[in-house]
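A look at the structure
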Amino acid sequence: MTRVTSLFLLLVTGAIGLAQESNTQAYWVHEDVVKPSKVADYESVCKELTDNLKKHDIQEISTIVTNTQDDRYLWVSPITSMADIDKPVFASLREKMGPQTFENIFNRMDECYDIEQDYIIHLDKALSYMPEGITQTPEGENYRKFFYFHITPSNRSVVKKNMEAITNLFASKGSKFYYRVYKSGFGTRGEFYMVAAAAKNSTDYSAKVTANNELLGDEWPKLYNELRSNLLKFEVFTGRMRPDMAYSPSK
């Protein structure tokens, strides 16, 4: 499998039939762990790629991009199957740009990191709390908090019950603090739930947390602490969405 195919397997769009429940949506994630000294170079090359996708109106590719404060860049695209992962999704772009110019972009990108990985996560619509409709990119809210609740096979059922109780509490109180829940899948290191929360910025996020805590009252810390007590490990990362690096076809 070529470097280009490996890097952007996540960019395959359309119906590619991964068996999944109606309450879930699978996403292919490609993660680049960028060297701190190469962040500016990496972003420059990625924007060059995005510009060429737009210039040539490539229809086979669609992705959203987020980066975390520890310089990880995640390229995320929905899939419904792994059947199309060998399709030459960049064939038309390579043809329109020319092989040499095309390869030059990815060669320069390779110089910006030593670690990259691909894996699948599943959006759990039932555990997520977005009563006005689930979207990964709420308008005007590019700030992100990513909470990783690491679990084990022996306690996955109790943790899921904890997550369900929290979602039910938010719904019963009419909370305005919205979030999406993703479950680890093929290729991840260990098992986890990842909760993604959006806001305009850090100040807006803090205000949302304060209002939510006041609304939910004493029941909220009780449920949250119970969840935490059942975890193998807990991590939280701050990030932001990168619409300047994302791409969707015009049609």
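This text gives an overview of the structure that appears in the document. (Residues numbered from 1 in each chain as written. Predicted model: local features only at pLDDT ≥ 70, side-chain atom pairs only at ≥ 80, totals over all residues. Heavy atoms only, no water.)

**Quick look at the environment of Gly239**
Rules: Helix and strand definitions follow DSSP, with helices as H or I runs of at least four residues and strands as E runs of at least two, each counted in order from the N terminus. Only protein chains enter the accessibility calculation, which uses a 1.4 Å probe; a residue whose area is less than 20% of its type maximum is buried, one above 50% is exposed, and one in between is partly exposed.
Checked against the element boundaries, Gly239 lands in strand E8 (residues 233-241). A residue is classified by how much of its surface remains accessible, and Gly239, at 7% relative accessible area, is buried. In the structure, Gly239 is positioned 43 residues away from Ala196 in sequence and 9.9 Å away in space, judged by C-alpha atoms.

**What to know about the packing of aromatic side chains**
The line we're drawing: Any two rings among Phe, Tyr and Trp, with Trp reduced to its six-membered ring, count as a pair given centres within 6.5 Å; such a pair is stacked if its planes are under 30 degrees apart, edge-to-face if over 60, and tilted if neither.
Counted by the stated rule, this structure contains 19 aromatic pairs. Consider the rings of Tyr129 and Phe170, whose centres lie 5.8 Å apart with planes at 70°: the pair is edge-to-face. Taken together, the residues span a long stretch of sequence, with Tyr129 in strand E4 (residues 113-129) and Phe170 in helix H5 (residues 156-173) at a distance of 41 residues. Centroid distance Phe149 to Phe234: 5.4 Å. Interplanar angle 40°. Geometry classified as tilted. Taken together, the residues Phe149 in strand E5 (residues 143-151) and Phe234 in strand E8 connect sequence positions 85 residues apart.

**Quick notes on the pairing of E5**
As a reminder, the rule being used: Note on pairing: two strands pair once DSSP finds at least 2 bridges between them.
Of all nine residues in E5, nine are buried, a share of seventy percent or more. Of the two faces of E5, the one lined by Tyr143, Lys145, Phe147, Phe149 and Ile151 and the one lined by Arg144, Phe146, Tyr148 and His150 are each fully buried. Here nine bridges tie E5 to strand E7 (residues 191-199), and the two strands are oriented antiparallel to one another. Bridge assignment links His150 to a residue of E7, and that residue is Phe192. Across eight bridges, the pairing between E5 and E8 is antiparallel. Considered in E8, the bridge of Arg144 is made with Gly239.

**Topic: the pattern of salt bridges**
Inclusion rule: Any Lys or Arg side-chain nitrogen located within 4 Å of an Asp or Glu carboxyl oxygen qualifies as a salt bridge.
One pass over the structure, following the stated rule, counts twelve salt bridges. Across the pair Asp114 and Lys35 runs a salt bridge, and its minimum N-O distance is 3.5 Å. Here Lys35 lies in the loop between strand E1 (24-34) and helix H2 (39-55) and Asp114 lies in strand E4, a separation of 79 residues in the sequence. Among the residues examined, Asp114 registers a relative accessible area of 67% and is labelled exposed. In this structure Lys35 comes out as partly exposed when scored by relative accessible area, which is 29%. When the shortest N-O distance is used, the salt bridge between Lys183 and Glu191 registers 2.9 Å. Given the relative accessible area of 14%, Glu191 is considered buried. By sharing partners, the salt bridges in this structure join Glu43, Lys47, Arg242 and Asp244 into a single network.

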